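Each chain is listed here by its residues.
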Amino acid sequence: MPLIVVCAAWGIFWGVWAAVLPAIKEQLELTTGELGLVLSAVPVGAIPAMALAGRLARGRERAAMITVTLLFCLAVVAVAVAGAGGPPYRMGVALLLLGAASGALDVTLNLATGRAERHTGRRLFQAVYAAFPVAVIVAAPLAGLAREHGLTPTALLLAAAALCCASVLPLCARTAGLSGADPAPTAPRWWHGAVALGLLAACVLVMENAVEQWSVLLLEDFRSASPLLASAAPAIYMAALTTGRLLAHARAAGVGALAWIAALGGAAGMGLAGLSSHAWGSLAGFALAGLALGPIVPAMLSRAAAGDPGGSTVAAISTVSYTGFVISPLLVGGLAAVAGLPLALAALGLLALPVIAAGRARYGEPLGK
């Protein structure tokens, strides 16, 4: 339960962020390309922080989660202040700090969930990961509604920071399975398999980040949707993401089947979202993409964690996968400058196809063996 609470609070912030992003873009007077460049600060800050957190958090996951969650709250406050106005570089610095804290929280949460799975014998990754999209489903439209009633992005972001601070309270109790002696490191042969799986996960995260960051802009600027309807786009995507993860959890679906579903459904969904001429068609595309893509990354992490008592593989997959967040803002911003945002989002669907290779992966071995 403490893991679910923290993951949900994390999702609340990103749901609010997706809904207020158009207003922040307007307040800072950014073009679409400039916005993509500023947003790239998030993953740039995340990757080195994830590598460091992966080393420091092993065997002390509970204390690490409390620390990085509180640091994340402080970073959200910095983003709220920078978003109120001023030079774009100030927002870039705030997002760099936010990315570092969010990346550290991500890898620590993965390590804690992997440890809890091994200690309890229960499958937890799909359930914990489902809390994030549920929170976005609730937060994004509520934030959009609040915008329509005059609340500023700064006020909404500060409220999200307060909720994140409150989420650490369940972790302050001694929680079984979230701390212990630092285990022996995994044998060196894990690295190449972790990199391959991390890159496949990165393909999924490119698309997920694109929906979170750009779907509201797509509907407001290209589909003539109201702020409330546009802010429902990430919520609908996350609702489908949650459904996919809970179905995979209930049916104990394997990585192989989930990889095929992710590849075909993700490509079709992103294509429909970008190419449809109506807001509801784009929303249907985002829903299809979320349903198909949702379960594959948690399934890959769960499979890796089962044979990874040292946490090395899970930490490496988490860190490498964040290259998707580095690439996504720049890729979408660049493609949008050339071909427009709708075609840019549709083209991202092609990144779903390589995920088929995840179905052939073996823990600790190269893909295809």
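For the structure, see preceding data.
Residues numbered from 1 in each chain as written. Predicted model: local features only at pLDDT ≥ 70, side-chain atom pairs only at ≥ 80, totals over all residues. Heavy atoms only, no water.

Caption draft 1: Examining the overall build of the protein more closely. Helix and strand content of the protein: 15 helices and zero strands. When each of the 369 residues of the protein is scored for burial, the buried share is 59%. Partitioning the intrachain contacts of the protein with sequence separation of at least 6 by distance along the chain shows that 84% fall at a separation of at least 24. If you sum the accessible surface of the protein, you get close to 13700 Å²; carbon and sulfur atoms cover 70% of it. (Helix = DSSP H or I, 4+ residues; strand = E, 2+ residues; numbered from the N terminus. Buried < 20%, exposed > 50% of the residue type's maximum accessible area, 1.4 Å probe, protein only. Contact = heavy atoms within 4.5 Å. Areas by Shrake-Rupley, 256 points an atom, 1.4 Å probe, with all protein chains shown as cover.)

Caption draft 2: Representation of helix 11 (residues 279-293) within the structure. Taking 1.5 Å of rise per residue, the 15 residues of helix 11 would be expected to cover 21 Å, and the 21 Å separating its terminal C-alpha atoms lies within 8% of that figure. Regarding helix 11, the residues found buried are Ala279, Gly281, Ser282, Leu283, Gly285, Phe286, Ala289, Gly290, Ala292 and Leu293. (Expected span 1.5 Å × (residues − 1).)

Caption draft 3: Representation of helix 6 (residues 125-148). Helix length check: helix 6, at 24 residues, gives a terminal C-alpha distance of 36 Å against a target of 34 Å (1.5 Å per residue), a fit within 8%. Looking one or two residues beyond helix 6, the residue adopting positive phi is glycine 150, at roughly 100 degrees.

Caption draft 4: Examining the pattern of salt bridges more closely. With the rule as written, the count across this model stands at one salt bridge. The partner of arginine 147 in a salt bridge is glutamate 220, with the nearest N and O atoms 3.7 Å apart. With a gap of 73 residues between them, arginine 147 in helix 6 and glutamate 220 in helix 8 (residues 190-222) connect regions that are remote in the sequence. With a relative accessible area of 21%, arginine 147 lands in the partly exposed category. (Salt bridge = Lys/Arg side-chain N within 4 Å of Asp/Glu carboxyl O.)

Caption draft 5: The environment of methionine 270, seen in detail. In this structure, methionine 270 sits in helix 10 (residues 255-275). Given a relative accessible area of 0%, methionine 270 falls into the buried group. With 59 residues separating them in the primary sequence, methionine 270 and valine 211 have C-alpha atoms 9.0 Å apart. Beyond its immediate stretch of four places on either side in the chain, methionine 270 contacts Met207, Val211, Gly285, Ala289, Leu345, Ala346, Leu348 and Gly349.

Caption draft 6: The arrangement of unusual backbone geometry in detail. Positive phi is not limited to glycine here, since glutamate 29 has a value of about 55 degrees. One can find glutamate 29 in the loop between helix 1 (2-27) and helix 2 (32-39).

Note that all results are geometric; they support no functional claim without further evidence.
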